[in-house]
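# Close look at the chain arrangement
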Amino acid sequence: MKNGGDEMTNPPEHLAGHESLDLHEVINFKTLCLAKSKLMQGLVFDQDLKNLMQKDVTQSMQALLDLQAIYKKAPFETAVPAHRPTPILN
């Protein structure tokens, strides 16, 4: 993460580009896993397994909330370069 300070005492204001992309992929994967766990609960008849799957759903929802809070630090704008190529179409 970038900001030039000590990350333990001075947390960064923004994520670096690669960190934002990695976090986006983790959120997508976690969301897919959550959906699968919720859907599979309807196919399971063993109560212990069903309880375990419900615990996974609950923990995954909390993890997604935590990840989304971090994701708000992701930069979505990029500076426009001073020298852009000449357009080939009008």
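About the criteria used
- Residues numbered from 1 in each chain as written.
- Predicted model: local features only at pLDDT ≥ 70, side-chain atom pairs only at ≥ 80, totals over all residues.
- Heavy atoms only, no water.
- Helix = DSSP H or I, 4+ residues; strand = E, 2+ residues; numbered from the N terminus.
- Buried < 20%, exposed > 50% of the residue type's maximum accessible area, 1.4 Å probe, protein only.
- Contact = heavy atoms within 4.5 Å.
- Areas by Shrake-Rupley, 256 points an atom, 1.4 Å probe, with all protein chains shown as cover.
- Polar contact = N/O pair within 3.5 Å; in protein donor to acceptor, adjacent residues only side chain to side chain.
- Core = buried A, V, L, I, M, F, W, Y, C linked by side-chain atoms within 4.5 Å.
- Axes fitted to C-alpha atoms, helices over the stretch in contact; angles between N-to-C directions.
- Parallel < 35°, antiparallel > 145°, perpendicular 65-115°, else oblique.
- Left-handed = near helix turned anticlockwise from the far one by under 90°.
- Nonpolar A, V, L, I, M, F, W, Y, C, P; charged D, E, K, R; others polar.

### A few points about the overall build of the chain
Helix and strand content of the chain: two helices and zero strands. Considering the chain as a whole, with its 90 residues, one finds that 20% of them fall into the buried category. Taking all contacts inside the chain whose residues are at least 6 apart in sequence as the whole, residues at least 24 apart take part in 51%. Here the chain displays about 7,600 Å² of accessible surface, and carbon together with sulfur accounts for 61% of that area.

### Regarding the side chain of serine 60
Within the fold, serine 60 resides in helix 2 (residues 47–71). Of note is the side chain of serine 60, whose polar atom sits 3.4 Å from the side chain of lysine 30. If we ignore the near neighbours within four places in the chain, the residues touching serine 60 are Lys30 and Leu34.

### Thoughts on the nonpolar core
By size, the foremost hydrophobic cluster in this structure holds nine residues: Leu15, Leu23, Ile27, Leu34, Val57, Leu64, Leu67, Tyr71 and Ala74. For this core, the secondary-structure elements that each account for two or more residues are helix 1 (17–41) and helix 2. What alanine 74 contacts, discounting residues up to four positions off in sequence, is Leu15 and Ser20.

### Section: the packing of helix 1 against helix 2
Where helix 1 contacts helix 2, the axes come no closer than 9 Å and their chain directions differ by 155°. Put simply, helix 1 runs roughly antiparallel to helix 2. As helix 1 runs across helix 2, the sense of the crossing is left-handed. Among the residues making up the contact of helix 1 with helix 2, the classes are represented as 13 nonpolar, eight polar and four charged.

### Things to note about the environment of threonine 58
By secondary structure assignment, the location of threonine 58 is in helix 2. Once the C-alpha coordinates of threonine 58 and lysine 38 are considered, the two residues, 20 residues apart in sequence, prove to be 10.0 Å apart.

### Some words on the environment of leucine 52
Within the secondary structure, leucine 52 is located in helix 2. Exposure remark for leucine 52: the relative accessible area of 54% places this residue in the exposed category. C-alpha of leucine 52 to C-alpha of serine 37: the two residues are 15 residues apart in sequence and 9.9 Å apart in space.

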